[in-house]
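Structural features, examined
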Amino acid sequence: MKLIDNNNSKYTRFSVKSFNRRQWAGFFVVLGSLFLVILALVGTFMPEQSYAIDYNHKYAAPSLSYLFGTDELGRDMFYRTLKGLALSIKIGLMAAFVSSCIALVLGTLSAVFGGKVDSCILWLIDLCLGIPHIILILMISVSLGGGEIGVTIGVIATHWAHLTRLMRAEIMQLRNQPYVHVARGYGHSYFTIGRKHFIPHVLPQYIIGLVLLLPHAILHEAGITFLGYGLPLDVPAIGIILSESMKHISVGMWWLGFFPGLLLMIIVLIFDRVGTALREILDPMRSQK
Amino acid sequence: MLEVSNLEFSYDDGSPILKDISFSISKGERVALLGPSGYGKSTLGKIIAGHMNPDKGTVLLNNQKLSKYKGYKPIQLIYQHAEKALNNRWKIKDSLYEAWDIPVELLERMGINQSWLDRWPNELSGGQLQRISVLRALSPKTQLLIADEITASLDTITQAQLWNVVGDVLDTNNTSLLMITHNESLAKRICSRIIQIESLCTCT
(Lines give C-alpha, C1' and ligand atoms only; values in the text may rest on other atoms or scores of the structure.)
Protein backbone atom coordinates (compact mmCIF):
# COMPACT_ATOMS: atom_id res chain seq x y z
CA MET A 1 0.00 0.00 0.00
CA LYS A 2 2.84 2.28 0.92
CA LEU A 3 4.52 1.50 -2.37
CA ILE A 4 1.46 2.51 -4.38
CA ASP A 5 1.16 5.76 -2.44
CA ASN A 6 4.79 6.52 -3.11
CA ASN A 7 4.34 5.88 -6.81
CA ASN A 8 1.26 8.05 -6.89
CA SER A 9 2.89 11.03 -5.27
CA LYS A 10 5.92 10.63 -7.52
CA TYR A 11 3.71 10.52 -10.60
CA THR A 12 1.72 13.56 -9.55
CA ARG A 13 4.80 15.58 -8.76
CA PHE A 14 6.34 14.71 -12.11
CA SER A 15 3.22 15.55 -14.14
CA VAL A 16 2.71 18.87 -12.36
CA LYS A 17 6.32 19.78 -12.98
CA SER A 18 6.09 18.95 -16.68
CA PHE A 19 2.82 20.84 -17.04
CA ASN A 20 4.44 23.91 -15.55
CA ARG A 21 7.38 23.69 -17.87
CA ARG A 22 5.17 23.51 -20.93
CA GLN A 23 3.03 26.32 -19.64
CA TRP A 24 6.13 28.33 -18.94
CA ALA A 25 7.34 27.79 -22.51
CA GLY A 26 3.97 28.96 -23.83
CA PHE A 27 4.06 31.99 -21.57
CA PHE A 28 7.53 32.86 -22.83
CA VAL A 29 6.48 32.54 -26.48
CA VAL A 30 3.53 34.90 -25.95
CA LEU A 31 5.54 37.40 -23.88
CA GLY A 32 8.56 37.38 -26.19
CA SER A 33 6.47 37.74 -29.36
CA LEU A 34 4.44 40.54 -27.79
CA PHE A 35 7.60 42.43 -26.83
CA LEU A 36 9.05 42.08 -30.33
CA VAL A 37 5.79 43.09 -32.02
CA ILE A 38 5.47 46.19 -29.81
CA LEU A 39 9.11 47.09 -30.46
CA ALA A 40 8.64 46.72 -34.22
CA LEU A 41 5.43 48.79 -34.19
CA VAL A 42 6.88 51.55 -32.00
CA GLY A 43 10.00 51.74 -34.17
CA THR A 44 8.06 51.79 -37.43
CA PHE A 45 5.53 54.47 -36.46
CA MET A 46 7.95 56.69 -34.53
CA PRO A 47 7.99 60.32 -35.79
CA GLU A 48 11.32 61.45 -37.25
CA GLN A 49 11.52 64.40 -34.82
CA SER A 50 12.18 62.04 -31.93
CA TYR A 51 15.68 61.36 -33.24
CA ALA A 52 16.18 64.66 -35.12
CA ILE A 53 19.49 66.56 -35.16
CA ASP A 54 19.88 68.88 -32.15
CA TYR A 55 23.22 70.69 -31.92
CA ASN A 56 22.42 72.02 -28.43
CA HIS A 57 22.73 68.57 -26.93
CA LYS A 58 25.77 66.98 -28.58
CA TYR A 59 27.61 64.13 -26.88
CA ALA A 60 25.26 64.01 -23.89
CA ALA A 61 25.97 61.13 -21.54
CA PRO A 62 23.07 58.84 -20.61
CA SER A 63 20.66 60.61 -18.27
CA LEU A 64 16.96 60.55 -17.49
CA SER A 65 16.13 62.88 -20.39
CA TYR A 66 18.43 60.97 -22.81
CA LEU A 67 18.31 57.35 -21.70
CA PHE A 68 21.02 56.12 -24.10
CA GLY A 69 22.75 59.53 -24.47
CA THR A 70 23.17 61.46 -27.75
CA ASP A 71 25.69 61.32 -30.61
CA GLU A 72 27.87 63.92 -32.36
CA LEU A 73 24.81 65.47 -34.03
CA GLY A 74 22.78 65.52 -30.86
CA ARG A 75 20.43 62.76 -31.95
CA ASP A 76 18.70 60.81 -29.19
CA MET A 77 20.33 57.37 -29.24
CA PHE A 78 17.40 55.67 -27.47
CA TYR A 79 15.01 56.45 -30.28
CA ARG A 80 17.63 55.79 -32.96
CA THR A 81 18.27 52.37 -31.44
CA LEU A 82 14.56 51.55 -31.33
CA LYS A 83 14.17 52.63 -34.95
CA GLY A 84 17.20 50.58 -35.96
CA LEU A 85 15.99 47.48 -34.15
CA ALA A 86 12.53 47.79 -35.69
CA LEU A 87 14.15 47.95 -39.11
CA SER A 88 16.29 44.91 -38.29
CA ILE A 89 13.25 42.94 -37.11
CA LYS A 90 11.34 43.90 -40.25
CA ILE A 91 14.15 42.85 -42.59
CA GLY A 92 14.82 39.75 -40.49
CA LEU A 93 11.16 38.68 -40.56
CA MET A 94 10.84 39.16 -44.30
CA ALA A 95 14.12 37.41 -45.06
CA ALA A 96 13.43 34.50 -42.70
CA PHE A 97 9.89 34.04 -44.06
CA VAL A 98 10.92 33.98 -47.73
CA SER A 99 13.98 31.90 -46.94
CA SER A 100 11.95 29.28 -45.09
CA CYS A 101 9.40 29.15 -47.93
CA ILE A 102 12.24 28.42 -50.35
CA ALA A 103 13.46 25.74 -47.95
CA LEU A 104 10.02 24.12 -47.76
CA VAL A 105 9.56 24.04 -51.54
CA LEU A 106 13.11 22.89 -52.39
CA GLY A 107 13.19 20.33 -49.58
CA THR A 108 9.87 18.85 -50.70
CA LEU A 109 10.87 18.77 -54.38
CA SER A 110 14.18 17.18 -53.51
CA ALA A 111 12.62 14.45 -51.39
CA VAL A 112 9.65 13.70 -53.63
CA PHE A 113 11.34 13.63 -57.03
CA GLY A 114 14.79 12.36 -56.01
CA GLY A 115 17.30 11.56 -58.74
CA LYS A 116 18.58 14.49 -60.75
CA VAL A 117 16.37 17.07 -58.99
CA ASP A 118 17.71 15.87 -55.65
CA SER A 119 21.35 16.00 -56.80
CA CYS A 120 20.83 19.47 -58.21
CA ILE A 121 19.31 20.82 -54.99
CA LEU A 122 21.97 19.13 -52.85
CA TRP A 123 24.61 20.76 -55.03
CA LEU A 124 22.98 24.15 -54.47
CA ILE A 125 22.93 23.53 -50.71
CA ASP A 126 26.62 22.60 -50.71
CA LEU A 127 27.40 25.65 -52.80
CA CYS A 128 25.56 27.88 -50.37
CA LEU A 129 27.07 26.33 -47.25
CA GLY A 130 30.55 26.14 -48.76
CA ILE A 131 31.00 29.91 -48.79
CA PRO A 132 30.93 31.81 -45.48
CA HIS A 133 27.53 33.49 -45.15
CA ILE A 134 28.91 36.96 -44.54
CA ILE A 135 30.96 36.93 -47.77
CA LEU A 136 28.08 35.62 -49.86
CA ILE A 137 25.65 38.20 -48.43
CA LEU A 138 28.27 40.90 -48.99
CA MET A 139 28.69 39.95 -52.65
CA ILE A 140 24.97 39.65 -53.33
CA SER A 141 24.19 42.87 -51.49
CA VAL A 142 26.88 44.85 -53.31
CA SER A 143 25.99 43.44 -56.72
CA LEU A 144 22.36 44.43 -56.15
CA GLY A 145 23.39 47.96 -55.22
CA GLY A 146 23.06 47.61 -51.46
CA GLY A 147 20.21 49.22 -49.59
CA GLU A 148 17.26 47.47 -47.96
CA ILE A 149 16.54 45.32 -51.03
CA GLY A 150 20.15 44.22 -51.48
CA VAL A 151 20.54 43.20 -47.85
CA THR A 152 17.18 41.42 -47.72
CA ILE A 153 17.86 39.43 -50.89
CA GLY A 154 21.35 38.65 -49.67
CA VAL A 155 20.03 37.25 -46.40
CA ILE A 156 17.24 35.34 -48.18
CA ALA A 157 19.67 33.77 -50.63
CA THR A 158 21.95 32.42 -47.93
CA HIS A 159 19.67 31.22 -45.16
CA TRP A 160 17.54 28.56 -46.84
CA ALA A 161 20.16 25.81 -46.96
CA HIS A 162 20.05 24.35 -43.44
CA LEU A 163 16.27 24.28 -43.29
CA THR A 164 16.11 22.75 -46.80
CA ARG A 165 18.28 19.89 -45.61
CA LEU A 166 16.05 19.35 -42.59
CA MET A 167 12.84 19.42 -44.67
CA ARG A 168 14.35 17.06 -47.23
CA ALA A 169 15.34 14.54 -44.57
CA GLU A 170 11.93 14.72 -42.87
CA ILE A 171 9.98 14.23 -46.07
CA MET A 172 12.28 11.49 -47.36
CA GLN A 173 11.60 9.55 -44.20
CA LEU A 174 7.84 10.18 -44.59
CA ARG A 175 7.83 9.19 -48.25
CA ASN A 176 8.66 5.59 -47.43
CA GLN A 177 6.05 5.24 -44.69
CA PRO A 178 3.56 2.45 -45.43
CA TYR A 179 0.61 4.81 -45.04
CA VAL A 180 1.94 6.96 -47.87
CA HIS A 181 2.25 3.94 -50.18
CA VAL A 182 -1.22 2.89 -49.15
CA ALA A 183 -2.60 6.37 -49.90
CA ARG A 184 -0.95 6.19 -53.34
CA GLY A 185 -2.78 2.89 -53.79
CA TYR A 186 -6.09 4.65 -53.17
CA GLY A 187 -5.30 6.81 -56.18
CA HIS A 188 -4.38 10.04 -54.38
CA SER A 189 -1.92 12.28 -56.21
CA TYR A 190 1.42 13.33 -54.76
CA PHE A 191 -0.05 16.81 -54.45
CA THR A 192 -2.91 15.63 -52.23
CA ILE A 193 -0.61 13.39 -50.21
CA GLY A 194 1.83 16.27 -49.79
CA ARG A 195 -0.94 18.54 -48.59
CA LYS A 196 -2.66 16.09 -46.27
CA HIS A 197 0.13 13.83 -45.02
CA PHE A 198 3.46 15.64 -45.43
CA ILE A 199 2.78 19.28 -44.62
CA PRO A 200 0.95 18.70 -41.29
CA HIS A 201 3.82 16.43 -40.29
CA VAL A 202 6.66 18.86 -41.08
CA LEU A 203 4.82 22.01 -40.02
CA PRO A 204 6.18 22.05 -36.42
CA GLN A 205 9.79 21.66 -37.64
CA TYR A 206 9.13 24.32 -40.24
CA ILE A 207 7.80 26.88 -37.74
CA ILE A 208 10.64 26.20 -35.32
CA GLY A 209 13.15 26.49 -38.17
CA LEU A 210 11.55 29.76 -39.27
CA VAL A 211 11.75 31.33 -35.81
CA LEU A 212 15.32 30.13 -35.27
CA LEU A 213 16.28 31.67 -38.64
CA LEU A 214 15.28 35.12 -37.38
CA PRO A 215 18.23 35.79 -35.03
CA HIS A 216 20.64 34.71 -37.80
CA ALA A 217 18.99 36.96 -40.33
CA ILE A 218 19.01 39.94 -37.93
CA LEU A 219 22.66 39.46 -36.98
CA HIS A 220 23.73 39.09 -40.60
CA GLU A 221 21.81 42.19 -41.59
CA ALA A 222 23.47 44.16 -38.78
CA GLY A 223 26.86 42.65 -39.62
CA ILE A 224 26.75 43.53 -43.29
CA THR A 225 25.55 47.05 -42.52
CA PHE A 226 28.30 47.43 -39.91
CA LEU A 227 30.87 46.58 -42.57
CA GLY A 228 29.42 49.29 -44.79
CA TYR A 229 27.95 47.12 -47.55
CA GLY A 230 24.37 47.13 -46.36
CA LEU A 231 21.91 49.87 -45.59
CA PRO A 232 22.78 53.48 -46.57
CA LEU A 233 24.33 55.79 -43.96
CA ASP A 234 21.27 58.00 -43.49
CA VAL A 235 19.14 55.09 -42.27
CA PRO A 236 19.21 54.61 -38.48
CA ALA A 237 20.12 50.91 -38.76
CA ILE A 238 21.73 49.12 -35.86
CA GLY A 239 24.78 48.23 -37.97
CA ILE A 240 25.30 51.90 -38.92
CA ILE A 241 24.93 52.99 -35.29
CA LEU A 242 27.52 50.46 -34.18
CA SER A 243 29.98 51.33 -36.91
CA GLU A 244 29.64 55.09 -36.14
CA SER A 245 30.23 54.41 -32.45
CA MET A 246 33.66 52.97 -33.34
CA LYS A 247 34.86 56.46 -34.14
CA HIS A 248 34.00 57.75 -30.67
CA ILE A 249 34.74 54.79 -28.48
CA SER A 250 38.39 55.81 -28.03
CA VAL A 251 37.40 59.18 -26.59
CA GLY A 252 35.27 57.58 -23.91
CA MET A 253 31.75 57.82 -25.43
CA TRP A 254 30.93 54.24 -24.52
CA TRP A 255 27.16 54.74 -24.60
CA LEU A 256 27.08 55.14 -28.38
CA GLY A 257 27.94 51.47 -28.90
CA PHE A 258 27.10 49.88 -25.57
CA PHE A 259 23.31 50.31 -25.41
CA PRO A 260 22.52 49.59 -29.08
CA GLY A 261 24.79 46.53 -28.98
CA LEU A 262 23.24 45.31 -25.74
CA LEU A 263 19.72 45.74 -27.07
CA LEU A 264 20.58 43.93 -30.31
CA MET A 265 21.95 41.05 -28.26
CA ILE A 266 18.82 40.97 -26.09
CA ILE A 267 16.54 40.93 -29.14
CA VAL A 268 18.50 38.09 -30.73
CA LEU A 269 18.43 36.13 -27.48
CA ILE A 270 14.68 36.66 -27.16
CA PHE A 271 14.13 35.30 -30.68
CA ASP A 272 16.32 32.35 -29.86
CA ARG A 273 14.45 31.65 -26.61
CA VAL A 274 11.08 31.95 -28.34
CA GLY A 275 12.27 29.43 -30.95
CA THR A 276 13.49 27.01 -28.30
CA ALA A 277 10.29 27.39 -26.29
CA LEU A 278 8.22 26.79 -29.44
CA ARG A 279 10.19 23.62 -30.06
CA GLU A 280 9.35 22.49 -26.54
CA ILE A 281 5.65 23.00 -27.29
CA LEU A 282 5.43 21.79 -30.90
CA ASP A 283 8.04 19.06 -31.23
CA PRO A 284 6.33 15.73 -30.48
CA MET A 285 9.63 14.25 -29.25
CA ARG A 286 9.92 16.91 -26.56
CA SER A 287 6.34 17.84 -25.82
CA GLN A 288 5.96 15.04 -23.26
CA LYS A 289 8.63 16.51 -21.02
CA MET B 1 -5.87 -12.32 -64.38
CA LEU B 2 -2.62 -11.56 -62.49
CA GLU B 3 0.50 -12.53 -64.37
CA VAL B 4 3.89 -12.26 -62.68
CA SER B 5 6.78 -13.08 -64.98
CA ASN B 6 10.54 -13.32 -64.46
CA LEU B 7 10.58 -11.04 -61.45
CA GLU B 8 13.95 -10.13 -60.01
CA PHE B 9 14.75 -7.98 -57.02
CA SER B 10 17.73 -7.28 -54.81
CA TYR B 11 18.24 -4.85 -51.97
CA ASP B 12 21.04 -2.32 -51.97
CA ASP B 13 23.67 -4.76 -50.72
CA GLY B 14 23.37 -6.58 -54.05
CA SER B 15 22.37 -10.06 -52.89
CA PRO B 16 19.31 -11.16 -54.82
CA ILE B 17 16.16 -11.68 -52.74
CA LEU B 18 13.86 -12.65 -55.57
CA LYS B 19 15.15 -14.27 -58.73
CA ASP B 20 13.19 -15.35 -61.77
CA ILE B 21 9.78 -15.52 -60.09
CA SER B 22 6.80 -16.39 -62.27
CA PHE B 23 3.28 -17.37 -61.33
CA SER B 24 -0.30 -16.40 -62.05
CA ILE B 25 -3.56 -16.02 -60.15
CA SER B 26 -6.93 -16.34 -61.84
CA LYS B 27 -10.08 -14.37 -61.03
CA GLY B 28 -11.64 -15.20 -57.69
CA GLU B 29 -8.86 -17.61 -56.80
CA ARG B 30 -7.41 -17.71 -53.31
CA VAL B 31 -3.70 -18.40 -53.18
CA ALA B 32 -1.41 -18.65 -50.18
CA LEU B 33 2.26 -17.75 -50.39
CA LEU B 34 3.98 -19.84 -47.78
CA GLY B 35 7.54 -19.87 -46.61
CA PRO B 36 10.00 -19.12 -43.85
CA SER B 37 10.93 -15.59 -42.94
CA GLY B 38 13.59 -13.79 -44.95
CA TYR B 39 12.65 -15.38 -48.27
CA GLY B 40 11.15 -12.20 -49.69
CA LYS B 41 7.44 -12.94 -49.32
CA SER B 42 6.61 -9.42 -48.16
CA THR B 43 8.91 -7.89 -50.75
CA LEU B 44 7.09 -9.85 -53.44
CA GLY B 45 3.76 -8.58 -52.08
CA LYS B 46 4.96 -4.97 -52.14
CA ILE B 47 6.25 -5.33 -55.70
CA ILE B 48 2.96 -6.81 -56.92
CA ALA B 49 1.01 -4.00 -55.21
CA GLY B 50 3.29 -1.41 -56.81
CA HIS B 51 4.78 -0.14 -53.53
CA MET B 52 8.23 -1.11 -54.80
CA ASN B 53 9.69 -1.46 -58.27
CA PRO B 54 11.31 -4.72 -59.38
CA ASP B 55 14.80 -4.77 -60.93
CA LYS B 56 13.55 -6.95 -63.77
CA GLY B 57 10.34 -8.64 -64.86
CA THR B 58 6.74 -7.55 -65.09
CA VAL B 59 3.54 -7.64 -63.09
CA LEU B 60 0.44 -7.50 -65.28
CA LEU B 61 -3.18 -7.34 -64.19
CA ASN B 62 -5.56 -8.16 -67.06
CA ASN B 63 -2.56 -7.64 -69.39
CA GLN B 64 -2.05 -4.11 -68.07
CA LYS B 65 0.50 -2.58 -65.77
CA LEU B 66 -0.87 -1.41 -62.43
CA SER B 67 0.34 2.15 -63.04
CA LYS B 68 -2.06 2.36 -66.01
CA TYR B 69 -5.01 2.13 -63.64
CA LYS B 70 -6.22 5.51 -62.44
CA GLY B 71 -7.86 6.16 -59.09
CA TYR B 72 -8.35 3.38 -56.54
CA LYS B 73 -5.92 0.64 -57.61
CA PRO B 74 -7.34 -2.84 -58.27
CA ILE B 75 -4.47 -4.45 -56.33
CA GLN B 76 -4.52 -3.59 -52.63
CA LEU B 77 -1.94 -4.58 -50.05
CA ILE B 78 -2.70 -4.85 -46.34
CA TYR B 79 0.34 -4.55 -44.10
CA GLN B 80 1.02 -6.78 -41.13
CA HIS B 81 1.31 -3.82 -38.77
CA ALA B 82 -1.84 -1.76 -39.12
CA GLU B 83 -0.47 1.07 -36.98
CA LYS B 84 2.14 1.76 -39.67
CA ALA B 85 -0.44 1.77 -42.43
CA LEU B 86 -2.47 4.49 -40.69
CA ASN B 87 -1.28 8.06 -40.27
CA ASN B 88 -1.12 8.45 -36.49
CA ARG B 89 -1.97 12.14 -36.78
CA TRP B 90 -5.31 11.37 -38.40
CA LYS B 91 -8.52 10.38 -36.69
CA ILE B 92 -9.81 6.92 -37.55
CA LYS B 93 -12.69 8.24 -39.67
CA ASP B 94 -10.31 10.32 -41.80
CA SER B 95 -8.12 7.31 -42.45
CA LEU B 96 -11.15 5.11 -43.23
CA TYR B 97 -12.79 7.44 -45.71
CA GLU B 98 -9.45 8.35 -47.30
CA ALA B 99 -9.77 4.96 -49.01
CA TRP B 100 -13.35 4.75 -50.31
CA ASP B 101 -16.96 5.39 -49.28
CA ILE B 102 -17.36 2.48 -46.91
CA PRO B 103 -21.03 1.61 -46.25
CA VAL B 104 -22.13 1.54 -42.61
CA GLU B 105 -23.35 -2.01 -43.02
CA LEU B 106 -19.82 -3.18 -43.77
CA LEU B 107 -18.45 -1.34 -40.73
CA GLU B 108 -20.92 -3.22 -38.56
CA ARG B 109 -20.12 -6.57 -40.13
CA MET B 110 -16.42 -5.96 -39.50
CA GLY B 111 -17.29 -5.20 -35.87
CA ILE B 112 -16.14 -1.60 -36.05
CA ASN B 113 -17.88 0.46 -33.41
CA GLN B 114 -19.13 3.91 -34.46
CA SER B 115 -17.51 5.41 -31.36
CA TRP B 116 -14.04 4.44 -32.64
CA LEU B 117 -14.32 6.77 -35.59
CA ASP B 118 -13.63 9.89 -33.56
CA ARG B 119 -10.58 8.41 -31.83
CA TRP B 120 -6.89 8.50 -32.65
CA PRO B 121 -5.01 5.38 -33.79
CA ASN B 122 -3.08 5.10 -30.51
CA GLU B 123 -6.36 4.79 -28.62
CA LEU B 124 -7.29 1.52 -30.35
CA SER B 125 -5.80 -1.95 -30.02
CA GLY B 126 -3.81 -3.69 -32.74
CA GLY B 127 -6.76 -5.92 -33.65
CA GLN B 128 -9.13 -2.99 -33.88
CA LEU B 129 -6.70 -1.08 -36.08
CA GLN B 130 -6.20 -4.13 -38.29
CA ARG B 131 -9.95 -4.35 -38.92
CA ILE B 132 -9.90 -0.74 -40.07
CA SER B 133 -6.86 -1.29 -42.22
CA VAL B 134 -8.46 -4.38 -43.81
CA LEU B 135 -11.71 -2.60 -44.49
CA ARG B 136 -9.89 0.18 -46.34
CA ALA B 137 -8.69 -2.37 -48.89
CA LEU B 138 -12.03 -4.16 -49.38
CA SER B 139 -13.61 -1.92 -51.98
CA PRO B 140 -15.62 -3.52 -54.81
CA LYS B 141 -12.93 -2.12 -57.10
CA THR B 142 -10.30 -4.38 -55.56
CA GLN B 143 -9.58 -7.26 -57.92
CA LEU B 144 -6.68 -8.72 -55.99
CA LEU B 145 -6.20 -8.43 -52.26
CA ILE B 146 -2.72 -9.07 -50.89
CA ALA B 147 -2.86 -9.86 -47.19
CA ASP B 148 0.62 -9.77 -45.69
CA GLU B 149 0.41 -11.66 -42.38
CA ILE B 150 -2.62 -9.60 -41.47
CA THR B 151 -3.71 -11.78 -38.57
CA ALA B 152 -0.29 -12.83 -37.29
CA SER B 153 -0.53 -10.63 -34.22
CA LEU B 154 -4.18 -11.40 -33.40
CA ASP B 155 -5.68 -14.07 -31.16
CA THR B 156 -7.32 -17.11 -32.73
CA ILE B 157 -10.92 -15.98 -32.24
CA THR B 158 -10.39 -12.50 -33.65
CA GLN B 159 -8.41 -14.08 -36.47
CA ALA B 160 -11.28 -16.39 -37.38
CA GLN B 161 -13.86 -13.56 -37.20
CA LEU B 162 -11.76 -11.32 -39.38
CA TRP B 163 -11.20 -13.97 -42.04
CA ASN B 164 -14.92 -14.83 -42.05
CA VAL B 165 -15.85 -11.28 -42.96
CA VAL B 166 -12.99 -10.94 -45.44
CA GLY B 167 -13.98 -14.24 -47.07
CA ASP B 168 -17.60 -13.11 -47.43
CA VAL B 169 -16.63 -9.81 -49.01
CA LEU B 170 -14.16 -11.51 -51.36
CA ASP B 171 -16.95 -13.90 -52.46
CA THR B 172 -19.44 -11.07 -53.01
CA ASN B 173 -17.03 -9.02 -55.10
CA ASN B 174 -15.36 -12.04 -56.74
CA THR B 175 -11.99 -10.71 -55.58
CA SER B 176 -8.84 -12.81 -55.74
CA LEU B 177 -6.65 -13.24 -52.68
CA LEU B 178 -2.91 -13.59 -52.27
CA MET B 179 -2.33 -14.49 -48.66
CA ILE B 180 1.22 -14.16 -47.37
CA THR B 181 1.70 -16.25 -44.26
CA HIS B 182 3.83 -18.78 -42.43
CA ASN B 183 0.79 -20.37 -40.80
CA GLU B 184 0.15 -23.46 -42.92
CA SER B 185 -3.08 -24.59 -41.27
CA LEU B 186 -4.64 -21.15 -41.71
CA ALA B 187 -3.50 -21.10 -45.33
CA LYS B 188 -5.06 -24.48 -45.98
CA ARG B 189 -8.36 -23.44 -44.42
CA ILE B 190 -8.72 -20.27 -46.45
CA CYS B 191 -6.93 -20.84 -49.74
CA SER B 192 -7.47 -23.30 -52.54
CA ARG B 193 -3.84 -23.26 -53.71
CA ILE B 194 -0.58 -22.98 -51.83
CA ILE B 195 2.66 -21.73 -53.35
CA GLN B 196 5.86 -22.43 -51.45
CA ILE B 197 8.23 -19.51 -51.88
CA GLU B 198 11.19 -21.94 -52.01
CA SER B 199 9.74 -23.58 -55.09
CA LEU B 200 9.54 -20.21 -56.84
CA CYS B 201 12.91 -18.95 -55.78
CA THR B 202 15.88 -20.51 -57.49
CA CYS B 203 18.37 -18.62 -55.36
CA THR B 204 19.82 -19.58 -51.92
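Up top is the structure these notes are about.
Below or above, wherever it landed, is the structure these notes cover. Bear in mind the structure is a predicted one, so any value in this text is a computation, not a measurement.

1. Regarding the overall build of chain A
What chain A contains, in helices and strands, is 10 helices and zero strands. Traced from its N-terminal end to its C-terminal end, chain A shows the element sequence α-α-α-α-α-α-α-α-α-α. With the principal axes as the frame, chain A shows a C-alpha extent of 75 × 65 × 30 Å. Across chain A, every contact between residues at least 6 apart in sequence was considered, and the portion connecting residues at least 24 apart equals 71%.

2. Remarks on the packing of aromatic side chains
Following the criterion strictly, the structure yields 10 aromatic pairs over all chains and no others. Pairing Trp254 of chain A with Phe258 of chain A gives two aromatic rings, centres 5.8 Å apart and planes at 70°, and the pair type is edge-to-face. A centroid spacing of 5.0 Å and a plane angle of 90° characterise the contact between Phe9 of chain B and Tyr11 of chain B, whose relative ring orientation is edge-to-face. For Phe9 of chain B, a relative accessible area of 9% corresponds to the buried category. Classification of Tyr11 of chain B by relative accessible area gives partly exposed; the value is 34%.

3. A look at the packing of helix H8 (residues 190-226) of chain A against helix H9 (residues 238-249) of chain A
All names here are of chain A. The interhelical angle for the contact between H8 and H9, taken along N-to-C directions, is 45°, at an axis separation of 7 Å. If you check the angle between H8 and H9, you find them oblique. For the pair H8 and H9, the crossing hand works out as right-handed. Mapping the contact onto sequence places Ala222, Thr225 and Phe226 in H8 and Ile238, Gly239, Ile240, Leu242, Ser243 and Met246 in H9. A class-by-class count of the residues in the contact of H8 with H9 yields six nonpolar, three polar and no charged.

4. Remarks on the sheet that holds strand S9 (residues 193-196) of chain B
All names here are of chain B. Strand order in the open sheet formed by five strands is S6-S7-S8-S3-S9, and the pairing between neighbours is parallel. Two strands lie at the open edges of the sheet, namely strand S6 (75-78) and S9, each paired on one side alone. The average undirected angle you get between the axes of adjacent strands in this sheet is 20°. With four bridges joining them, S6 and strand S7 (residues 144-148) adopt parallel strand pairing.

Conventions and cut-offs
Residues numbered from 1 in each chain as written. Chains lettered and ligands numbered in written order. Predicted model: local features only at pLDDT ≥ 70, side-chain atom pairs only at ≥ 80, totals over all residues. Heavy atoms only, no water. Helix = DSSP H or I, 4+ residues; strand = E, 2+ residues; numbered from the N terminus. Contact = heavy atoms within 4.5 Å. Phe/Tyr/Trp six-rings, centres within 6.5 Å; stacked < 30°, edge-to-face > 60°. Buried < 20%, exposed > 50% of the residue type's maximum accessible area, 1.4 Å probe, protein only. Axes fitted to C-alpha atoms, helices over the stretch in contact; angles between N-to-C directions. Parallel < 35°, antiparallel > 145°, perpendicular 65-115°, else oblique. Left-handed = near helix turned anticlockwise from the far one by under 90°. Nonpolar A, V, L, I, M, F, W, Y, C, P; charged D, E, K, R; others polar. Pairing = 2+ DSSP bridges.

By themselves, these figures tell us nothing about what the structure is for.
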